[in-house]
Amino acid sequence: MDKPFLYIAVLLSVGIIISRFLEINVVFLLLAFLVVLSSGIYIYLSKKNAIYLLLLAVFVLGLTVGENALYSKGVYDNLSNRLVSFNGVVSNIILKDGFAKYVLSPKNKDKILITQYGGIYPKEGDLIEVRGIVELPQGKRNPGGFDYRLYLKKSGITALINVNGYSVRIIKSNADNYADKVVRRTRERITQIFFNSMPKNDADFISSVILGQYNIEEDVLNSFRVTGLTHIIAVSGFNFGILTLFMMFVLNILHIRRYSPFIIVPLLLIYTVMTGAPSSAVRAVIMACMALIAMFIGRENNPINAMSFAATMILFFNPLMLFDIGFQLSFIATLSILLLYKPIKGIIKLKSEKIKEALSVTLAAQIGTIPIIIYFFHSFSIISLLPNILIVPIVSVAVVLGFLSAILGLIYMPLSIPLNLINIPVVEIALYLTKIFSQIPHASISVSQPPVYMMLCYYAVLILLTSNLSKKIKISVVSTMLFLLMAVFAVNSLTPKNLEITFLDVGQGDSTFLMTPDGKSILIDGGGRPEYGNSSFDVGQDILMPFLLYKNATSLDAVFISHTDYDHVGGILSILNDVDVKRIFIGRQVADSENFKKLMAIASKKQIPVFQLSKGDWVEISGIKYDVLSPDSYVISENPINNNALVFKMIYKNVSILFTGDIEKEAENALLDDNISSDILKVPHHGSNTSSQKKFVDEVNPKISVIMVGENNYGQPDGEVVKYLKSKSQLFRTDKDGAIIIETNGTFIHVKKMIGD
């Protein structure tokens, strides 16, 4: 077995993956692991074949560490929503307009992510006291959405506290331990070296590439995303490869290459600590160190085994890293290069050996990472090959100059100035070329999220094609897999579908998505954040687009807009330029609205027909009828935008849903004489006490009620409204349950919630 750690890493990973879907008692798993391991060792000592038993022990170990990391009770679980006070050291400060985010590390406790609004912000290494209400991070709240809790837990953060400046007291500056203090001051010194003699954009770029600080402007960062060059600005094998090659080059000149492990390995370890030791850096340094040591002792290095050893070490100590995008991209890209580089190079017919090598490495990495990139980012750069070939060598020069500048600057700051001045045009050229490439029309395209089984088939084919099996066997296996895939598609297309209604969790706002049995996609409202908010978070781009791509809804057959308040139309305005919309339906407008003007301007530009509906109108799409009940011919003067919103009853066979927008009691009273009886009620105005009168709820007589609401200062939903709705129906809330997914065949109704099910 020339690659033992490959089997260990794979089985450990499989165990961790299964642990995410099965909650098993950790004590039971630990006992099972000890029994299997001891049995395997006993059989091995008896000089019998124990390999399969030992590999089973690795699998059980994966289950054990995965279950422990995912489901073990946190130290803050019993403190949720309680006012507490913590002392701790500050790290990872990010300053924004009006607020700061930083990590607090209390003694002998998990880390806490602090968001501080105003006041005097602490600095890295400060010991502070924070007084605030503990919140537990939320998990995935929408299908295809982002799991914030898992994201933070990978970094050891298990709680959140939002505070104002007066709730933070700085106890002592520079209170971190000696080792952390040395690392922090060295990082600060290196950053200062770049900023002392380089323009801000250039200094931001080179410090991000070398130290992984990610201070790059959003538009520059987006340029790297569009051109498929984000790996350049992440601390990864790219950095370690350049650094190792450069040090080997210097040692060759000095004729001391035979001592390279004793010089390069410590320097690489120090650099890993300086970058914060991300998984990509740990992988790269382990592989580099194993290669150097193997070379020194005269043993052949197996890079796949070295990479697998690195994965095993990372996952043993932090199993949740398996679900980290950076971890997955780093290891899959490396494995792809190791497996595909030579075959691709053999196919490319070019005279220039350097260009062949660059093309082969880039293509190998891209072929391996395409499914992961599409799955997580829902986009793909179709031009990335050319920017990688042209820009990566330029950035390599910038990185070498940056490393030299940092080393000389640490010795004596003025020594770094000439190198920084030389580096400025190099960085500027890289940034300029990246910007030019990113402006090419359709340089990056949005792509629907592929099913997991298709991704597994893709990787299975890649592994098969790079194996030593005969051509005949490869053709047979690939043909069988293609046949099975076609069978799955055929069965899926012939299987009768239900109507699926997803009440999305968009915070304080409404957005509902319908997938009809014949595959039509319909969006009702789109949520949205207030334009005066400080956050760059955008409901349209950060919730709606990922969800639509997850549902393979790259076009919308219809969009219904209840009214033009931003918490209903904001997300739609955000995505209209990115999604093909066939038609828009909105209630007859009775008041001036800037959002309506924006909507009409975008619709006119994209030639999307907009229909204004009023009482008596109806729309039918794929056998589903939308009976419009409001606005009426007369205008309700009280709160006109809310009370004259589009209200309709959606009817699918024997099941009906009443969509009410943000209507209040005046509009509810006007609807009492209509046939508003419905199986499902989208509760008006986020459960406000200005709506959902008892007589209105009685007239609707819903079996299921859904309140779409988020954190707010309006007292929504009202306690009495909630109490009455619970007495009349089964009640769901997006702030408590996340997205609510309802499936119906027109007779039966099945409800699933993202949180709790």
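Coordinates for the structure precede this section.
Report follows, based on the coordinates. Here the structure is a predicted model, which means the values were calculated and not measured.

So, how was this worked out
- Residues numbered from 1 in each chain as written.
- Predicted model: local features only at pLDDT ≥ 70, side-chain atom pairs only at ≥ 80, totals over all residues.
- Heavy atoms only, no water.
- Helix = DSSP H or I, 4+ residues; strand = E, 2+ residues; numbered from the N terminus.
- Buried < 20%, exposed > 50% of the residue type's maximum accessible area, 1.4 Å probe, protein only.
- Pairing = 2+ DSSP bridges.
- Polar contact = N/O pair within 3.5 Å; in protein donor to acceptor, adjacent residues only side chain to side chain.
- Phe/Tyr/Trp six-rings, centres within 6.5 Å; stacked < 30°, edge-to-face > 60°.
- Lys NZ or Arg CZ within 6 Å of the ring centre and 35° of its normal.
- Axes fitted to C-alpha atoms, helices over the stretch in contact; angles between N-to-C directions.

## Overview of unusual backbone geometry
Okay, step 1: The omega angle of the peptide bond from Ser 630 to Pro 631 is 10°, so this bond is cis rather than trans.
Okay, step 2: Turning to its location among the elements, Pro 631 is positioned in the loop between strand E18 (624–630) and helix H21 (640–643).
Okay, step 3: Gln 716 connects to Pro 717 through a cis peptide bond whose omega is -5°.
Okay, step 4: In the Ramachandran plot, Gln 607 falls in the positive-phi region, its phi being about 60° despite a non-glycine side chain.
Okay, step 5: Inspection of the secondary structure puts Gln 607 in the loop between helix H20 (594–606) and strand E16 (610–613).
Okay, step 6: Backbone geometry at Asn 639 places phi at a positive 45°, although glycine is not the residue there.

## Let's talk about the pairing of strand E3 (residues 111–117)
Okay, step 1: Here E3 lies mainly inside the structure; 5 of its 7 residues are buried.
Okay, step 2: In this structure, the hairpin formed by strand E2 (residues 99–106) and E3 is closed by a connection of 4 residues, where Asn 108 is found at a positive phi of approximately 60°.
Okay, step 3: As paired strands, E3 and strand E5 (residues 157–164) are joined by 7 bridges and run parallel to one another. Counterpart to Ile 114 in the pairing with E5 is Ile 161.

## Focus on the side chain of Gln 693
Okay, step 1: By the element assignment, Gln 693 lies in the loop between strand E21 (680–682) and helix H23 (694–700).
Okay, step 2: Here Glu 668 takes part through its side chain, which lies 3.0 Å from a polar atom of the side chain of Gln 693.

## Concerning the packing of aromatic side chains
Okay, step 1: Scanning the entire structure with this criterion turns up 21 aromatic pairs.
Okay, step 2: Aromatic pair Phe 585 and Phe 611: ring centres 5.4 Å apart, planes at 25°, arrangement stacked. Taken together, the residues span a long stretch of sequence, with Phe 585 in strand E15 (residues 584–587) and Phe 611 in strand E16 at a distance of 26 residues.
Okay, step 3: Centroid distance Phe 648 to Phe 659: 5.3 Å. Interplanar angle 35°. Geometry classified as tilted. With Phe 648 in strand E19 (residues 647–652) and Phe 659 in strand E20 (residues 655–659), this residue pair connects regions lying 11 residues apart in the sequence.
Okay, step 4: Three or more aromatic residues joined by ring pairs make a cluster, and in this case those are Phe 503, Phe 560, Phe 585, Phe 611, Tyr 626, Phe 648 and Phe 659.
Okay, step 5: In this structure, Arg 20 is placed above the aromatic ring of Phe 323, and the distance from its NZ or CZ to the ring centre is 4.7 Å.
Okay, step 6: If you follow Lys 625 out to its NZ or CZ, it ends over the ring of Trp 618, 5.1 Å from the centre.

## Some words on the sheet that holds E15
Okay, step 1: Spatially, the 8 strands line up as an open sheet ordered E16-E15-E13-E11-E10-E9-E24-E25, and their pairing is mixed. Strand pairing shows two members of the sheet lacking a second neighbour, E16 and strand E25 (749–753), which therefore form its edges. For this sheet, the mean angle separating the axes of adjacent strands, direction not counted, is 20°.
Okay, step 2: Relative to strand E10 (residues 512–515), strand E9 (residues 499–503) runs antiparallel, the two sharing 4 bridges. Each residue of the ladder has a partner; that of Thr 502, found in E10, is Phe 513.

Any functional reading would require information that these geometric values do not contain.
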